[in-house]
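# Report on the structure
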Amino acid sequence: MDTNKKLGVNTICTHVGEVKDKQFKGAVSPMYLSSSYEFLDVDVKRYPRYFNTPNQEFLSKKIAALEGMEAAMIFGSGMAAISHMFLAFLQKGDHLVVQNTLYGGTVNFIKEEFPKYGIEYTFTSGYKAKDFEAAIQENTKLIHIETPSNPLLTITDIRDVTELAKSKDILTSIDNTFASPINQNPKEFGIDLVMHSATKYFGGHSDICAGAVAGSEINIQRIWEVSKNLGGSLSDMTVWMLERSMKTLGLRVKAQTKNAFKLAKWLNKHNNVSKVYYPGLKSHPEHKLATTQMKGFGAMLSFELKPELDSHKFQKALKLIKSSMSLAGVESTMISPHLTSHALLTPQEREAVGISDQLIRFSVGIEDVADLKEDIEQAMNDII
Ligand SMILES: *Cc1c(COP(=O)(O)O)cnc(C)c1O
């Protein structure tokens, strides 16, 4: 497949990065499980931990194409992608500016591991450009953002952050997991490195753990130099499954996004709901900004139940929607952030960041909206 041609997103999902079955002309990529390849007189020395087996190399092209980047790498998890990326661009004495509202695992990695490497960091006090500017130091080498953020779906102005970073010769990275490349392509706004937990929308069926980073050839090469030592590659069996999943990425995410928009509007008017957080709603503080940098508003939303309704009992009363810590599968799931991602904070700290016990994060799937509404309604009625 000619990746230089401007293909539609669903065509990229279906075709870019296929491994051609030259021997038997099968319709799908063969799975190459070999961990040992010809060594003498070959251009490429292939080895799974070098991230260059045929399945790894080719699926990387699909991910790069989806983000409009030159190159990409696939990892054993989203955290492997983030940690390898950070360690490739930050060394002893360097400083990272990182958004305050961030995936919990990333926060832990920074707080627990950076001191061992002598890498400095500052969490911003907010998610506006001025908050990033205030956190920059002489030795800042990278700014890392997450938008939409978990679980309140705040929107960071990607253009503002990249303009600021470029004026100071600082690289930028984004965790684009929540939006997926279907709803947001940060490269268009000047981001250097785009990372994904492929465990989420890329996999989409809650049966794969993987990660990815996309960027320029030079930046991906720089990550590779570190990754070959750290060794966070993904098994080719899973790479193959991920390719299979990604063929429907566009269809899935568009259907999920459509459902989420309908449910956000419905919940927003619901008597038992006091607040809905979804960038597609006009009441969202950064709704206008979201329309300028997102192609769709995503399939993640959060809402607060009225104080009379116990959020724990509500989730236990659901029959169709599962309670699950992870997200982005074709099946709808809900979770209370105060029991999971933000469980380690004190109630006061949680209140300060806007996470109440009534808050529920909703990962919307591909089911029929009518059935999802009915499930929510019956669970509410059950506990009232
Ligand atoms: C899940 C997640 C990660 C981490 O990915 P793993 O595959 O679990 O390592 C990173 N960022 C975001 C936004 C996530 O949702």
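Residues numbered from 1 in each chain as written. Predicted model: local features only at pLDDT ≥ 70, side-chain atom pairs only at ≥ 80, totals over all residues. Heavy atoms only, no water.

Now for the site of the ligand. Close contacts around the ligand come from Ser77, Gly78, Met79, Tyr103, Glu146, Asp175, Thr177, Phe178, Ser197, Thr199, Lys200 and Ala210, and that covers them all. Between the ligand and Met79, the relevant distance is 2.8 Å, taken from an oxygen atom to a main-chain nitrogen or oxygen of the residue. In the environment of the ligand, an oxygen atom lies 2.9 Å from a nitrogen or oxygen atom belonging to the side chain of Ser197. Protein contact buries 92% of the 380 Å² of open area that the ligand shows by itself. In the shell around the ligand, the residues fall into 4 nonpolar, 5 polar and 3 charged. (Near = heavy atom within 4 Å. Polar contact = N/O pair within 3.5 Å; in protein donor to acceptor, adjacent residues only side chain to side chain. Areas by Shrake-Rupley, 256 points an atom, 1.4 Å probe, with all protein chains shown as cover. Nonpolar A, V, L, I, M, F, W, Y, C, P; charged D, E, K, R; others polar.)

Let us now look at the sheet that holds strand β12 (residues 359–363). Read from one edge of the open sheet, 5 strands run β8-β9-β12-β11-β10, paired in mixed fashion. The open sheet has two edge strands with one neighbour each: β8 (273–277) and β10 (322–323). Pairing between strand β11 (residues 333–335) and β12: 3 bridges, direction antiparallel. Note that in β12 the partner of Ile335 across the bridge is Arg361. (Pairing = 2+ DSSP bridges. Helix = DSSP H or I, 4+ residues; strand = E, 2+ residues; numbered from the N terminus.)

This part covers a positive patch on the surface. A contiguous patch of positive charge, built from Lys258, Lys262, Lys265, Lys269 and Lys282, is present on the exposed surface. Examined against the element boundaries, Lys265 turns out to sit in helix α10 (residues 249–268). The class of Lys265 is partly exposed, set by a relative accessible area of 45%. (Patch = residues over 30% accessible without salt bridge, like charges linked within 9 Å, V, L, I, M, F, W, Y side chains within 5 Å. Salt bridge = Lys/Arg side-chain N within 4 Å of Asp/Glu carboxyl O. Lys, Arg positive; Asp, Glu negative; His and termini not counted. Charge placed at Lys NZ, Arg CZ, Asp CG, Glu CD. Buried < 20%, exposed > 50% of the residue type's maximum accessible area, 1.4 Å probe, protein only.)

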